[in-house]
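Descriptive structure summary
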Amino acid sequence: MVAVAAAVAVTKASLAALPQLGVGLGFRPAFAAELLQMPLEQSPVDFLEITVEHYLDPTPAKRAELERLRERFTLIPHGLNLSLGSAEGLDPAYLKKLAALIELIDPPWWSEHICFTRAAGIEIGHLAPLPFTQEALDVLCRNIAQVKGLIAQPLILENITYMLNLGGELSEGAFLAELLERSDCGLLLDLTNLHTNALNHGYQALELLQELPWQRIVQLHFAGGYFDQGRLIDSHSQPAPEEVWQLMASVLERTPVKGVILERDEQIPALSELRPELERARQLCQQSPPSRILG
Amino acid sequence: MALLELQQVLARLYTDAALLEGFLAEPQASCERLQVSEPVRNQLLVLSASELRFFADSLRQKRYLMVCKLLPRSKALLAEAFKAEFMSYAQAPLPQGSKKHQLDAVAFANYLLASLKSSEDSWLRDQLLFEKICLQTQLQERGCFCQIFRHAIWANSSKPLTSLGFWLRLPGWAGWWHLRLPLPGS
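1. A short note on the overall build of chain B
Broken down by element type, chain B carries nine helices and three strands. Going residue by residue from the N terminus, the α and β elements of chain B occur as α-α-α-α-α-α-α-α-α-β-β-β. Here the C-alpha atoms of chain B give a radius of gyration of 21 Å, more than 25% beyond the 16 Å that 2.2 N^0.38 yields for 186 residues. Along the three orthogonal principal directions, the C-alpha set of chain B runs to about 70 × 40 × 20 Å. Buried positions account for 42% of the 186 residues belonging to chain B. Counting only carbon and sulfur atoms, one obtains 55% of the accessible surface of chain B, whose full area is about 9400 Å².

Here it is as structure tokens:
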């Protein structure tokens, strides 16, 4: 037990020692021209998050795009389809390509979702929720251990939105907390996903936050969605709502994070229109307590 | 073991609209037909029907939005009919792999092309063929495509203009070589 506790403490310290990247943007091709041509001192972003799947089997144009982005920005690979929660295990071909891409980029960390995206040869097409059970935790930890055996860079895990609650013997907060401790990973806390789930499933986002291991929060996501049939949809199509900003302030008041990413996937505006949101996030980050090494 | 079986059943329910409707209408009978074990049956029977349907619908909607981005000209031309046709087509499973959405769009273009009558919709046919070939050149690192178009497809105009489009990429080439050639009579 002493050895395990020491190992966990070492990892928390190494998470705290990750570089401070600042405020960034989920890269989409629509932003390419502005981001690549604008003088860096005028850029509203400090780093970019790239979607892994866009570069696993790249066309020459995508390969060239990746190179140009790497020359200008620190890139954080963000995976969608590793399917860490698949009970049938990981796709070895996908994992091999992913490991090669991450080795090429050599980022300070990379991220994936707490979900499954395929089963029985069926590609679900999006992030599907897991039940909050010990069995799901066992599957996740087994798959994450396999990934860590191939990829040296730290993996951080993202909470997803779920339309369908599969239940389980654990609360959502307890499930996330135990996963992070057992898998020894950092957390990519998606504030909009947290807000969306709280609203759609009737709980208080701040109460769930209290259950999470704060020292493991490495990065934040934020975005805005829309309502459909009384449910909030995490569409990444709107500016973030005020509730998400309040959650961001609550997190940043308590713990420094290493990076904050604005996501936009639909109704993508010019980069200049995103500046106010990026600037507001930057101001909140500056009010955060200084990063410290945790033991 | 229960999670493995649960995920296998859920993946089918999420992506097969007819199976989902059957399950929602007769959950017990559907579990028997699917030969679901008792622990998994107990998990399935307490799921919210509205949440299950909403999630499955959201998956089809997400797939649709991706195809809209990949076939923008055809979508503009078909307008509302594009979505209706897609929802009918989307009974077919989503292709696998990192280029699944491009493959999905190519398969949907083929689905639409198969429904066109030869003497009509020649402008839509041109648009579908053009967008399909453009997607295929993103999917393949080698190959050859040759297509006759009846309209000024390169200018995105329905004005009659017969031309030949030719795309070629041989092994070792960095990109596609492309030729457009007006044909006599245009």
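What follows picks up the thread again.
2. What to know about a nonpolar patch on the surface
A surface patch of nonpolar side chains, amounting to about 440 Å² of accessible area, comprises Leu 170, Trp 173, Trp 177, Leu 179 and Leu 181 of chain B. The residue Leu 170 of chain B is located in the loop between strand E2 (160–169) and strand E3 (177–182) in this model.

3. Thoughts on the confidence of the model for chain B
Residues and elements named next belong to chain B. Confidence in the prediction of chain B, expressed as mean pLDDT, is 93, and 98% of residues score 70 or more. Looking at the elements of chain B, mean pLDDT is at its lowest for E3, recorded as 93, and at its highest for helix H1 (residues 2–15), recorded as 97. With pTM at 0.90, the complex prediction returns an ipTM value of 0.91.

4. Considering the pairing of strand E9 (residues 217–222) of chain A
Residue and element names in this part refer to chain A. Across the six residues that make up E9, a large majority, six, are buried. The pairing of strand E8 (residues 186–190) with E9 spans four bridges and is classified as parallel. Residue pairing across strands places Asp 190 opposite His 221, the latter belonging to E9. As paired elements, E9 and strand E12 (residues 259–262) share four bridges and run parallel to each other.

5. Topic: the interface of chain B and chain A
On the chain A side, the residues contacting the 34 residues of chain B number 40 residues. Between chain B and chain A, the buried area comes to about 3100 Å², and carbon and sulfur atoms account for 63% of it. Counting across the interface, chain B meets chain A through three salt bridges. The closest approach of N and O atoms between Arg 63 of chain A and Glu 141 of chain B, which form a salt bridge, is 3.8 Å. If you look at where chain B meets chain A, you find twelve residue pairs in polar contact (both at pLDDT 80 or more). Looking at the side of chain B that touches chain A, the elements that each hand over two or more residues are H1 and helix H5 (49–70) of chain B. Top contributing element to the side of chain B that touches chain A by residue count: H1 of chain B, with eleven residues. Residues that form the side of chain B that touches chain A fall into these classes: 17 nonpolar, nine polar and eight charged.

About the cut-offs
- Residues numbered from 1 in each chain as written.
- Chains lettered and ligands numbered in written order.
- Predicted model: local features only at pLDDT ≥ 70, side-chain atom pairs only at ≥ 80, totals over all residues.
- Heavy atoms only, no water.
- Helix = DSSP H or I, 4+ residues; strand = E, 2+ residues; numbered from the N terminus.
- Rg over C-alpha atoms; globule rule 2.2 N^0.38 Å.
- Buried < 20%, exposed > 50% of the residue type's maximum accessible area, 1.4 Å probe, protein only.
- Areas by Shrake-Rupley, 256 points an atom, 1.4 Å probe, with all protein chains shown as cover.
- Patch = residues over 30% accessible without salt bridge, like charges linked within 9 Å, V, L, I, M, F, W, Y side chains within 5 Å.
- Salt bridge = Lys/Arg side-chain N within 4 Å of Asp/Glu carboxyl O.
- pLDDT = per-residue confidence, 0-100.
- Pairing = 2+ DSSP bridges.
- Contact = heavy atoms within 4.5 Å.
- Buried area = accessible area lost by both parts, 1.4 Å probe.
- Polar contact = N/O pair within 3.5 Å; in protein donor to acceptor, adjacent residues only side chain to side chain.
- Nonpolar A, V, L, I, M, F, W, Y, C, P; charged D, E, K, R; others polar.

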